[in-house]
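# Coordinate inspection notes
So the chains spell out like this:
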Amino acid sequence: MVAEQNHKGCTTLFLLCFLLGTLWEISIAQIRYSVPEETEKGSFVGNIAKDLGMELSELSEHGARIISRGKKQHFVLNVKSGSLVTADRIDREEVCAQSAECLLNFNVLVENKLKIHSVEVEITDINDNAPHFLVDELELKISETTAPGTQHLLENAYDQDVGVNSLQGYELSPSHHFSLKVQSTSGGVKYPELVLERALDREEEAVHHLMLTAWDGGEPLRSGTARIRVTVLDANDNAPVFSQSVYTVSVPENVPQGTILLTVNATDADEGINSQVRYFQVKSPGKISQIFQINSVTGELSTLQNLDYEETEFHEIEVEAQDGLGLRSRAKIHVTVLDVNDNAPEVTITSVTNSIPENAPPGTVIALFHVHDRDSGENGQVLCSIPGDLPFKLEKKVDNYYSLVTDRTLDREQVSVYNITMKAKDFGSPALSTDTHILLQVADINDNSPAFSQSAYSAYIQENNPRGASIYSLTAHDSDSEQNALVTYSIMDSNLPLEAPPLSSYISINSETGVLYALCSFNYEQFREFQLRVTARDSGNPPLSSNVSLTLFILDQNDNTPEILYPTFPTDGSSGVELAPRSAEPGYLVTKVVAVDADSGQNAWLSYRLLKVTEPGLFSVGLHSGEIRTVRTFLDKDALKQNLIVAVTDNGEPPLSATVTVTVAVADSIPEILSDLNIQASPETQDDSLLTFYLVIAVAVVSCLFFAFIILLLAIRLRRWWMLQVVQAPGDHVEGVTSSQFLGIDGVRAFLQTYSHEVTLTTDSRKSQLIFPQPNYADTLISQQSCEPKESPLPTQSLLHTKDEQAFFQDFLLNDASRILNNTNGELQVASNIGIPSHVSFCNHLFIIFCTVFSLCISC
C-alpha cells in the first residue's frame, strides 16, 4: 500500500514538473506589451527585435512578419527600426466591448527559420466615455396608498469604459419623499432603485420632479443625468407587480428560432380593465432586441435568431409590465447561453513549402499552421494528427501552433509526391474534425549513379566489317530526374597491347545514345577479341558515374587462302624432289603436304586433292591428312619423274584454295635417279648443243653486219664533213653556184624522212612482228632537188667541218645504238626512230634488216 502511494506521488510530481516546464517554455516564447487605447497611428508599442534576440538586419533577411489569423491587423512591424507600432487608432470599446481585459494576440513569424513567436498586447482603457441614460426622462406612477419603503426599479445608465472608468454609482437630487438605493448584479453591474420614504398625498402634490445622476471613477470624472417624473395616483389605482424582480434562464446555443425560453408574470390589484397587464421589452444598447422578443399578452420570452455562445455568452433583458391605467413596473431577465460543440476546428496555414530536397535532414519544417476551435471547454480542445505511415510528424508550438516536420530521410526514387492529410479533431460529443491537405513534392538530388542492366556485356562483329558500322548499343538508367538523369557515355580504356594503336582508332561511342561504332575494318587474324570499359556519367552536380566491361569478339570470315608449309620451293640449290623406291608397295607414304590456314573454325578445315598427275591412278592424297601415297606398284613404263599438282581447299564460304607441285622421282637412291635422268636427257642435250651452235653463228653474222653498218655511217659522216668544209671556203671558189644547190646540215634536216620501225620478239614464241609505216615527207623539195644537176659544186671539200656537226654525228650514233636492244620481262623489243635523208634510205633499210635478223636469232 505504501509502495503504491509512493508510486502515485512520483507520477503526480512528474506530471507537475512536465506541466511547469511546458508553461515555462510558453512564457519564454510569448512577448507581452501594453498600449493605451486611442493612441495615434504609428505609436511605439515595443522593441520587437530586441525581445526576439535578433539584429535589425536579420529581421528583413530572415523575413520576419506579423500574422494575425485573419483578424484585422492593428499593429505593424517596422523592420528598419525593429519596433512594433500601431497600424491605426485603436478603440478599446469597439475591439473588446465590455470585457474586463482587452488583449490582442498575434504572432511574429521568422520565415526563413520557420520559427514563430507569440505576442500579446493589452489595450488599456482611458476614460473617454461618460455614463448615459437611454432616455432623458424617466416616468413613474405611484399610488398614494403605497407604503413607505417600497422600491421602484429605475432605468440603468450605461458606460462603455471598464474598471475605474466605468459606472461607479448613482446620485438622486434631494427629496422629502424619495431616496436612492443602488443594487449590484452578480456580474458587478449596478442599477438604481427609487425608495419611497414618506407616504404620498395626491392632494398635497400630484407630481414630483427628481434628477438622477450617474457618475464614473475616471480621471477626469464623467457623469450623465436623467430626469425622473413621479406621478401620484389615486388610492384606488395599483401598479402591476412582477412575481420576481430578476428572472434567470440557461439555454444551449443550438436551440432553434422561436423557442420559448421562459414566461414572466405580473399581477395588478385593480379590478376590471385596469387589472389587464401587457408586457414590453425595454430598449437597451446593442442587438438584444433583434435576438429576443416578448409576447405582450402572455409574457413569453422567445428567440428571434440563433444564439451563438462564441459571440455572446450572457444576455440581460429588461421587461416592463403596464396595466390599463398606464401604471408600470419593471423586471430583469438574465439569459445564459450554454456552449455546444457546433464549431469544427479551424486550421490556418501560416507557412508551407511545396518542395523539399530528398536529402533534407530529419526535423526539417515543411509547414507551420494554427489550430483554433471557437467552442469552449472540451468542445474547444483539439487534437492534431497525421497518418502514421508517413515520414513526418507534428510538433506542438506556442499558442496552438503546430509545425509539420520530417521524421526521417526521404527518398524521391521511392516516393516523389506526398499528399499529407492533417486531421484536427476536437473532444466534443459528437466530435467534429477538419482535414487539411498538403501536397509536397520531393525534389531530386544527384544521389544515384547511372546503372547498367548487366555487369558485363558481349558483342560480336564479323571481320572485314565496313568502317562506321554500328557494333553494339549500351544503355544505362539513372533513377534521378531531369538534369541528374541525363547520361553521357565514354570509353575509358581497353586491354589492347601497348604497342597497338590507340583505342580511338578502333572504336568510338555516341556520347548521347551509347551506340558503339567501328572506325576500322577488324582482322580476326590480328586479334580475336578485346575488352574495353565504358563509363556512363550523369549531368548532376557533382556528377556520378559507373563503369561496365564490354568484350568485343571478332568473328572469322574465310578471307585467307591456305598457306602451304611443305613442300616449299628450294632456296639452297637443291632439286626439291621426293623419292619413291621402285619396290614401293601400294599405300607407301611418299611425302606429306603440310598446309595451314590463318582462319579458324570450319574456315580452317583443309582438304587435299590431286588436280593433275603424270600417271593417273599411281598416287593418291589423303583428304584431310595431305599424305601422298602410292596406289599401285610401279611399272617399267612409268616415268621416272612424276609431277603431281595438289590442291589444298578450306571449308569456308566461299572456299579458298592453293596449289603446290610435288615432283616424285621413282628410284631407290639419289645417284641412281641422277644417272637415269642423265641418260634420258642426252638426246635433248644434243639438240640443245646444236641450237646453241646455230645461235652463236647467227650472233657472229649479225655482229659483222653491225660493224659494217657502223663503218658505212662513219663514211657518210666524213663525206658530209668534207662537203661542209667546201661550203665554208672563200667566196671566190663558189661564185656562180646557186643557193639552191647547197645542201648543208640544215638542208638535210629540212628534208628528213621519218621512219618508225617496231620489232617485237619473245622467247616463248617463234613468231615475230615487224611494222613498216609509209614514209611521210615534209616537203617536195627532194623531188625538185632530183631534177637538178647531181654533180657536186665543191667536190674537194668536206661537209663535216664544225663542232656542231661532229656532235650531231656522235648523238646519232649513241641514240640509234641505244634503241637497238630493249629486253624487259622476257621480251625483246627493238625500236628505232631515225631521221635519214632520202639519198641514204638504203642504209636505213639495211639497219632495219640487221635488227630483224638479230632478233630472230635471239628468238631461235
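Above this text sits the structure in question.
Residues numbered from 1 in each chain as written. Predicted model: local features only at pLDDT ≥ 70, side-chain atom pairs only at ≥ 80, totals over all residues. Heavy atoms only, no water.

## Structural notes on the overall build of the protein chain
Short version of the rule: By definition, any uninterrupted DSSP run of H or I lasting at least four residues is a helix, any uninterrupted run of E lasting at least two residues is a strand, and each is numbered from the N terminus. Exposure classes here rest on a 1.4 Å probe applied to the protein chains alone. A residue is buried below 20% of its type maximum, exposed above 50%, and partly exposed in between. Residue burial considers only the protein chains on display, and all accessible areas are found by Shrake-Rupley using a 1.4 Å probe.
Regarding its fold elements, the protein chain presents 10 helices and 56 strands. A total of 860 residues make up the protein chain; the buried ones form 38% of that total. Accessible surface, the protein chain: about 47,800 Å² in total, of which carbon and sulfur atoms supply 53%.

## A few points about the state of the cysteines
Operational definition: For the purposes of this analysis, a disulfide is any pair of cysteine sulfur atoms at a distance within 2.5 Å.
Across all of its chains, the model carries 1 disulfide by this definition. The residue that forms a disulfide with Cys 96 is Cys 102, at a sulfur-sulfur distance of 1.8 Å. Taking the torsion about the S-S bond as the criterion, the Cys 96 to Cys 102 disulfide, at about 60°, is right-handed.

## Description of the nonpolar core
Put simply, the test is: Nonpolar core, defined: a set of buried Ala, Val, Leu, Ile, Met, Phe, Trp, Tyr and Cys residues in which side-chain atoms within 4.5 Å join the residues together. Any two residues whose heavy atoms approach within 4.5 Å at even a single point are treated as in contact.
Counting residues in hydrophobic clusters, the biggest one holds 28 residues, and the most contacted among them are Ile 471, Ile 507, Phe 522, Phe 530 and Leu 552. For Leu 552, the contacting residues outside a window of four places in its chain are Ala 459, Ile 461, Ile 471, Ile 507, Phe 522, Arg 528, Glu 529 and Phe 530. One finds Phe 242, Ala 266, Val 277 and Ala 321 within the second-largest nonpolar core, a separate group that totals 25 residues.

## Brief notes about the pattern of salt bridges
Where side chains of opposite charge bring their charged atoms close, a pairing between them can arise. So the rule is basically this: A pairing counts as a salt bridge when a side-chain nitrogen of Lys or Arg comes within 4 Å of a carboxyl oxygen of Asp or Glu.
On inspection of all chains with the given rule, the structure shows 19 salt bridges. The salt bridge involving Arg 89 is made with Glu 38; its shortest N-O contact spans 3.8 Å. Of this pair, Arg 89 sits in the loop between strand 5 (83-86) and helix 4 (92-96) while Glu 38 is found in the loop between strand 1 (30-36) and strand 2 (44-47), placing the two residues 51 residues apart along the sequence. The partly exposed category is assigned to Arg 89, whose relative accessible area is 45%. For Glu 155, the salt bridge is made with Arg 330, and the minimal N-O distance between the two is 3.9 Å. Remark: Arg 330 occurs in strand 25 (residues 328-338) and Glu 155 occurs in the loop between strand 10 (151-153) and strand 11 (157-158); sequence separation between them is 175 residues. In this structure, a network of salt bridges that share partners links the residues Glu 155, Glu 318, Glu 320, Arg 328 and Arg 330.

## Concerning the packing of aromatic side chains
The cut-off we apply is this: Each Phe, Tyr or Trp ring (for Trp, its six-membered ring) is paired with any other whose centre lies within 6.5 Å, and the angle between the two planes then decides the class: stacked below 30 degrees, edge-to-face above 60, tilted in between. We call a charge positioned over a ring when the NZ of a Lys or the CZ of an Arg lies within 6 Å of the ring centre and within 35 degrees of the ring normal.
Applying the stated rule across the entire model yields 16 aromatic pairs. Ring plane angle 40° and centroid distance 6.1 Å describe the contact between Phe 522 and Phe 530, whose orientation is recorded as tilted. Of the two residues, Phe 522 and Phe 530, both sit in the buried class. Among the aromatic residues, ring-to-ring pairing joins Tyr 506, Phe 522, Phe 527 and Phe 530 into one connected group. Here Lys 332 stacks its cationic end above the ring of Tyr 191, 5.4 Å away from the centre of that ring. Taking NZ or CZ as reference, Lys 396 lies 5.5 Å from the ring centre of Tyr 402, over its face.

## Points about the sheet that holds strand 22 (residues 292-294)
Applied cut-off: Any two strands with at least two DSSP-identified bridges between them are counted as paired. Angular values range over 0 to 180 degrees, each being the angle between N-to-C directions of two axes fitted as lines to C-alpha atoms, with helices fitted over their stretch in contact.
Read from one edge of the open sheet, 3 strands run 19-23-22, paired in antiparallel fashion. Where the open sheet ends on each side, the last strands, each with one partner, are strand 19 (260-263) and strand 22. For this sheet the average axis-to-axis angle between neighbouring strands, irrespective of direction, equals 20°. Pairing of strand 19 with strand 23 (residues 300-303) involves 3 bridges; the strand directions are antiparallel. Residue pairing across strands places Leu 262 opposite Leu 301, the latter belonging to strand 23.

## Quick word on unusual backbone geometry
Of the consecutive residues Asn 541 and Pro 542, the connecting peptide bond is found in the cis state with omega at 0°. Assignment of secondary structure puts Pro 542 in the loop between strand 41 (529-538) and strand 42 (545-555). That bond from Tyr 566 to Pro 567 is cis: its omega, -5°, falls within 30 degrees of zero. Of note, Pro 567 is situated in the loop between strand 43 (563-566) and strand 44 (578-580). Although it is not a glycine, Asn 464 sits at a positive phi angle of roughly 65°. The residue Asn 464 is located in the loop between strand 35 (456-462) and strand 36 (470-473) in this model. Despite not being glycine, Glu 482 has its phi angle at roughly 55°, a positive value.

## What about the environment of Leu 390?
Inspection of the secondary structure assignment puts Leu 390 in the loop between strand 29 (382-385) and strand 30 (392-396). Along the backbone, Leu 390 and Asp 407 are 17 residues apart, and their C-alpha atoms lie at a distance of 8.5 Å. Dropping the residues within four chain positions of it, Leu 390 is found in contact with Arg 408, Tyr 418 and Ile 420.

## A closer look at the pairing of strand 18 (residues 246-252)
Residues of strand 18 alternate between two faces, with Tyr 247, Val 249 and Val 251 buried on one and Val 246, Thr 248, Ser 250 and Pro 252 left unburied on the opposite face. The pairing of strand 18 with strand 25 spans 7 bridges and is parallel. Within the sheet, the bridge partner assigned to Val 249 lies in strand 25 and is Val 335.

## Quick notes on a nonpolar patch on the surface
Convention followed: Two joining distances apply to patches: 9 Å for like charges and 5 Å for nonpolar side chains (Val, Leu, Ile, Met, Phe, Trp, Tyr), and every residue must have over 30% relative accessible area and no salt bridge.
A surface patch of nonpolar side chains, amounting to about 590 Å² of accessible area, comprises Leu 690, Phe 693, Tyr 694, Ile 697, Val 701 and Leu 705. With respect to the secondary-structure elements, Tyr 694 resides in helix 6 (residues 670-727). Exposure remark for Tyr 694: the relative accessible area of 51% places this residue in the exposed category.

## Some points on the environment of Pro 562
Mapped onto the secondary structure, Pro 562 falls in the loop between strand 42 and strand 43. With 36 residues separating them along the chain, Pro 562 and Ala 598 place their C-alpha atoms 7.4 Å apart. The residues contacting Pro 562, other than those within four sequence positions of it, are Val 596, Asp 597, Leu 606, Val 648, Thr 649, Asp 650, Leu 656, Ser 657 and Ala 658.

## Looking at the environment of Gly 82
Counting through the fold element by element, Gly 82 comes out in the loop between strand 4 (75-78) and strand 5. Sequence-wise, Gly 82 and Glu 55 are 27 residues apart; in three dimensions their C-alpha atoms are separated by 8.3 Å. Discounting chain neighbours no more than four positions away, the residues touching Gly 82 are Gly 46, Asn 47, Ile 48, Ala 49, Leu 56 and Leu 59.

From the geometry alone we can't say anything about function, so treat these as descriptive.
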